[in-house]
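What follows is the residue order along each chain.
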Amino acid sequence: MSDHITIMNEKTGRIVMLAVDHGYFQGPTSGLEGPGKTIEPLLPWCDAVSPTKGVFLRCMPAGTKTPVILRASGGNAIVYSDPVELERELSIRASGVADEAAREAMRERIADEIVNRELSNEAVTVSAAEAARLGVAGVSVSVYVGARYQKESILNLARMSDEGRREGLIVLGITAVGKEMTRDARYLGLATRIAAEHGADVVKTYYCEGFEQVVRGCFAPIVIAGGRKVPEREALAFCRRAIDEGAVGVDMGRNIFQSAHPVAMIRAVRSVVHDDLSPDAAYEMFEDLSAVPLTE
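Residues numbered from 1 in each chain as written. Predicted model: local features only at pLDDT ≥ 70, side-chain atom pairs only at ≥ 80, totals over all residues. Heavy atoms only, no water.

**Q** So what exactly am I meant to see when it comes to the pairing of strand β6 (residues 138-143) here?
**A** In regular strands, side chains alternate between the two faces of the sheet. Counting buried positions over the 6 residues of β6 gives 6, a clear majority of the element. Side chains G138, S140 and S142 of β6 all project onto a buried face; the interleaved residues V139, V141 and V143 project onto the opposite face, where all are buried too. One ladder, built from 6 bridges, connects β6 with strand β7 (residues 170-175); its direction is parallel. Residue pairing across strands places V139 opposite V171, the latter belonging to β7. Between the parallel elements β6 and β7, the chain passes through helix α7 (residues 150-167) in a crossover that is right-handed. (Buried < 20%, exposed > 50% of the residue type's maximum accessible area, 1.4 Å probe, protein only. Helix = DSSP H or I, 4+ residues; strand = E, 2+ residues; numbered from the N terminus. Pairing = 2+ DSSP bridges. Right-handed = clockwise from strand over helix to strand, strands pointing away.)

Here it is in structure tokens:
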């Protein structure tokens, strides 16, 4: 780990990061329609927050002291609008398929595949110099190992590592996983190691069966992504397993801000990461805190 890493909790050497950068390709994500309102009550309970440039500039509460890891790669979205490519693919795959309903179902599948692979076509959207000027602690860049634009995304990370080091920035490498990629120890072990080899100071990935193997193969510290929203008890359980198996923390978003009680949830997650609470004890804490009005 580079000497300039300062975002880990001093007492535990672990970290609870709040991911709120989903809008850079998803648009107005549920729970982040008004980012400032969502973020403000959660800041006291996280060690770092991960917004986009727009959220950082326009929605972060004034005077925020929480370290910021700024999303620095992007350039694509969950829609894809090239009908020529879609129809070309359809004509190849649906050759001989006369049933119109079957062709339409195939068209929808192909459109989804195209969107997914095009998401890997990212570029650097915030320079290291600009990030340093904004006063953030670091930047995050996604790498799409196994996707169409794998090379370009890995080079984005490599260049940001060089530039970030000169500016004294932490570089978080995010192992993005498309729908066609299996989230298993073999794939995530490959992706995390490649991110570390290309200069990531910290690597964000998913928890999986055999996670200890992923940790052993990556010499950079690993934080886990929260992923899709699941019941609170389930999220706390995989958080506990990840910490026990070598993760240094979490970078969680939807499982916090999409909870019916976001403050209670981030405090419960924090208790797992920093206080070594069991999932059952953390969930009991979540339920107790959920019953207390926010004004108290």
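**Q** Help me out: how do you make sense of unusual backbone geometry in this one?
**A** One non-glycine residue with positive phi stands out, namely D276, at about 60°. Along the chain, the position of D276 falls in the loop between α12 (262-275) and α13 (279-290). A relative accessible area of 45% means that D276 is categorised as partly exposed.

**Q** Just to check I follow, could you spell out helix α10 (residues 232-244) for this structure?
**A** Helical geometry: 3.6 residues make up each α-helical turn, so side chains three or four residues apart lie on a common side. Taking 1.5 Å per residue as the helical rise, α10 with its 13 residues ought to reach 18 Å, and the 18 Å between its terminal C-alpha atoms agrees with that figure. Restricting attention to buried positions, one finds in α10 the residues E232, A235, L236, A237, F238, C239, R240, A242 and I243. On its buried face, α10 sits against α9 (211-216), β9 (222-225), β10 (249-252), α11 (254-257), α12 and α13. Of the residues one or two after α10, G246 is the one with positive phi, at around 120°. (Expected span 1.5 Å × (residues − 1). Contact = heavy atoms within 4.5 Å.)

**Q** Sorry, what's going on with the nonpolar core here?
**A** What tends to happen in soluble globular proteins is that the nonpolar side chains get buried as a cluster. The biggest cluster of nonpolar side chains holds 72 residues, and the ones touching the most others in it are F211 and V269. Element by element, the count of residues in this core is highest for α12, at 8 residues. Filtering out sequence-adjacent residues up to four positions away, V269 remains in contact with V16, L236, C239, V250 and M252. (Core = buried A, V, L, I, M, F, W, Y, C linked by side-chain atoms within 4.5 Å.)

**Q** I'm lost on the sheet that holds strand β8 (residues 202-205) in this one. Help?
**A** Two pairing modes exist for strands in a sheet, parallel and antiparallel, and in both the strands are linked by backbone hydrogen bonds. Spatial ordering of the open sheet is given by β2-β1-β10-β9-β8-β7-β6-β3, a layout of 8 strands whose pairing is parallel. Only two strands of the sheet have a single neighbouring strand rather than two, namely β2 (48-50) and β3 (69-71). In this sheet, adjacent strand axes meet at a mean angle of 30° when their direction is disregarded. Two elements, β9 and β10, share 3 bridges in a ladder whose sense is parallel. Its bridge partner being in β10, I224 is matched across the sheet by V250. The sheet strands contacting α7 are β6 and β7, and the helix crosses β6 at an angle near 160°. Packed on one face of the sheet, helix α8 (residues 185-197) meets β6, β7, β8 and β9 and runs near 155° to β8. (Axes fitted to C-alpha atoms, helices over the stretch in contact; angles between N-to-C directions.)

**Q** Hey, could you run me through the side chain of T38 in this one?
**A** Tracing the sequence through the fold places T38 in helix α2 (residues 35-39). Overall, the relative accessible area of 16% leaves T38 in the buried class. When sequence neighbours within four positions are dropped, the list of residues in contact with T38 reads G31, L32 and F257.

**Q** Honestly, the packing of α10 against α12 in this entry has me stumped. Any pointers?
**A** Angle between the axes and distance between the axes are the two parameters that describe a pair of packed helices. The interhelical angle for the contact between α10 and α12, taken along N-to-C directions, is 25°, at an axis separation of 9 Å. When the axes of α10 and α12 are compared, the pair comes out roughly parallel. The handedness of the crossing between α10 and α12 is right-handed. Judged by residue contacts, E232, A235, L236, C239, R240 and I243 of α10 engage M265, A268, V269, V272 and V273 from α12. Split by residue class, the contact of α10 with α12 holds 9 nonpolar, no polar and 2 charged. (Parallel < 35°, antiparallel > 145°, perpendicular 65-115°, else oblique. Left-handed = near helix turned anticlockwise from the far one by under 90°. Nonpolar A, V, L, I, M, F, W, Y, C, P; charged D, E, K, R; others polar.)

**Q** Would you mind showing me how to read the packing of α10 against α13 here?
**A** Taken N-terminus to C-terminus, the directions of α10 and α13 make an angle of 140°; their axes are 9 Å apart at the nearest point. Taken as axis vectors, α10 and α13 run oblique relative to one another. As for the relative orientation of α10 and α13, their crossing is right-handed in sense. On α13, the residues that touch E232, R233, L236, A237 and R240 of α10 are P279, D280, A282, Y283 and F286.

Shape descriptors only; they carry no functional weight alone.
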